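Commentary on secondary and tertiary structure
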Amino acid sequence: MRYPLLFLLLVTALVTGGCVSGPQKAVVITTQPTPLPSVPATTATPSDRDPIIGAWDNGMVFYGNGTVGSDGFTTWRANRDEKNSYFVIRDEPSTVDRSRNVTSSEWIFVPGSDCIYRRGFPTLVRRLKE
């Protein structure tokens, strides 16, 4: 009976001996925020209503009336579920029968860089200077 009690007393002294120490030193960890893509600053957007309106260096031109380009088949509209997100819809009638060929893509406007990009593609497209 003496040895287990002595063993328990020794283990308790060792465990509590490590818990009592001198003054603790604080460690400060600083983090750097992730930088945005390197894009030169440009002028403000030409529209107060929708920042996507204007000409872009990939050849797309978004007009205030909801059309894209001058082909008559492509339109755009704002995505109501996500800020700075726009759907571009191409609705072209078939030349063979009465069917339609409809395609769409989502374009995201990046306010800090005045650029757009197609969702799923990493390439930023800059606004053309007027």
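Above this note sits the structure.
Summarised in this report is the structure supplied together with it. (Residues numbered from 1 in each chain as written. Predicted model: local features only at pLDDT ≥ 70, side-chain atom pairs only at ≥ 80, totals over all residues. Heavy atoms only, no water.)

**Comments concerning the overall build of the chain**
Rules: Helix and strand labels come from DSSP, where a helix needs a run of H or I of at least four residues and a strand needs a run of E of at least two; each type is numbered from the N terminus. Exposure categories follow from relative accessible area, calculated using a 1.4 Å probe and restricted to protein chains: below 20% of the type maximum is buried, above 50% is exposed, and the middle band is partly exposed. For this analysis, residues touch if any pair of their heavy atoms sits within 4.5 Å. Surface accessibility in these figures is a Shrake-Rupley result with a 1.4 Å probe; residues are shielded only by whichever protein chains are displayed.
Within the chain, the secondary structure is distributed over one helix and seven strands. Starting at the N terminus, the α and β elements of the chain follow one another as α-β-β-β-β-β-β-β. Within the chain, the fraction of its 130 residues that count as buried is 23%. Within the chain, counting contacts between residues at least 6 apart in sequence, those at least 24 apart form 33% of the total. When the accessible surface of the chain is totalled, it reaches about 10,500 Å², and 59% of it is carbon and sulfur.

**Brief notes about the packing of aromatic side chains**
In plain terms, the rule: Classification of ring pairs rests on two measures: the distance between centres of Phe, Tyr or Trp rings, Trp counted by its six-membered ring, which must be within 6.5 Å, and the angle between planes, read as stacked under 30 degrees, edge-to-face over 60 and tilted in between.
This model, assessed by the stated rule, comprises three aromatic pairs. Geometrically, the ring pair formed by Phe 62 and Trp 76 is edge-to-face, given 6.4 Å between the ring centres and 70° between the ring planes. In this pair, Phe 62 is assigned in strand β2 (residues 61–62) and Trp 76 in strand β3 (residues 74–78), connecting sequence segments 14 residues apart. Trp 76 matches Phe 62 in its accessibility class, with the two residues each being buried. With a centroid separation of 5.7 Å and an interplanar angle of 70°, the aromatic rings of Trp 76 and Tyr 86 are classed as edge-to-face. Of the two residues, Trp 76 sits in strand β3 while Tyr 86 sits in strand β4 (residues 85–93), which places them ten residues apart along the sequence. Owing to a relative accessible area of 4%, Tyr 86 belongs among the buried residues under this scheme.

**Regarding unusual backbone geometry**
At Asn 84, a position not held by glycine, the phi torsion is positive, near 65°. Relative to the assigned elements, Asn 84 resides in the loop between β3 and β4.

**Some remarks on the nonpolar core**
Convention followed: Throughout, nonpolar core names a set of buried Ala, Val, Leu, Ile, Met, Phe, Trp, Tyr and Cys residues whose side chains join them through atoms within 4.5 Å.
If you look at the biggest cluster of nonpolar residues, it comprises 13 residues, and the most contacted ones within it are Ile 52, Trp 56, Phe 62, Trp 76, Val 88, Trp 107 and Ile 116. When neighbours within four sequence positions are excluded, Trp 56 is seen to be in contact with Pro 51, Phe 62, Phe 109, Asp 114, Cys 115, Ile 116, Val 125, Arg 126, Arg 127 and Leu 128.

**Points about the environment of Leu 124**
Its location among the elements puts Leu 124 in the loop between β6 (115–118) and β7 (125–126). We classify Leu 124 as partly exposed; its relative accessible area is 29%. It is 9.5 Å that separates the C-alpha atoms of Leu 124 and Phe 109, two residues lying 15 residues apart in sequence.

**A closer look at the sheet that holds β6**
The test is simple: Between any two strands, at least two bridges found by DSSP are needed for them to pair.
Read from one edge of the open sheet, five strands run β3-β4-β5-β6-β7, paired in antiparallel fashion. Looking at strand neighbours, the two that pair on one side only are β3 and β7, the edges of this open sheet. The pairing of β6 with β7 spans two bridges and is antiparallel. If you follow Ile 116 over to β7, its bridge partner there is Val 125.

**Remarks on the pattern of salt bridges**
This is how the line gets drawn: Just to be clear on terms, a salt bridge is a Lys or Arg side-chain nitrogen sitting within 4 Å of an Asp or Glu carboxyl oxygen.
Counted according to the given criterion, the structure contains six salt bridges. The partner of Glu 82 in a salt bridge is Arg 119, and the shortest N-O contact between them spans 3.0 Å. In this pair, Glu 82 sits in the loop between β3 and β4 while Arg 119 sits in the loop between β6 and β7, placing the two residues 37 residues apart along the sequence. Using a relative accessible area of 35% as the deciding quantity, one classes Glu 82 as partly exposed. Taking the relative accessible area as the measure of exposure, Arg 119 reaches 40% and is therefore partly exposed. Across the salt bridge formed by Arg 100 and Asp 91, the nearest N and O atoms sit 2.8 Å from each other. The class of Arg 100 is exposed, set by a relative accessible area of 51%. The class of Asp 91 is partly exposed, set by a relative accessible area of 28%.

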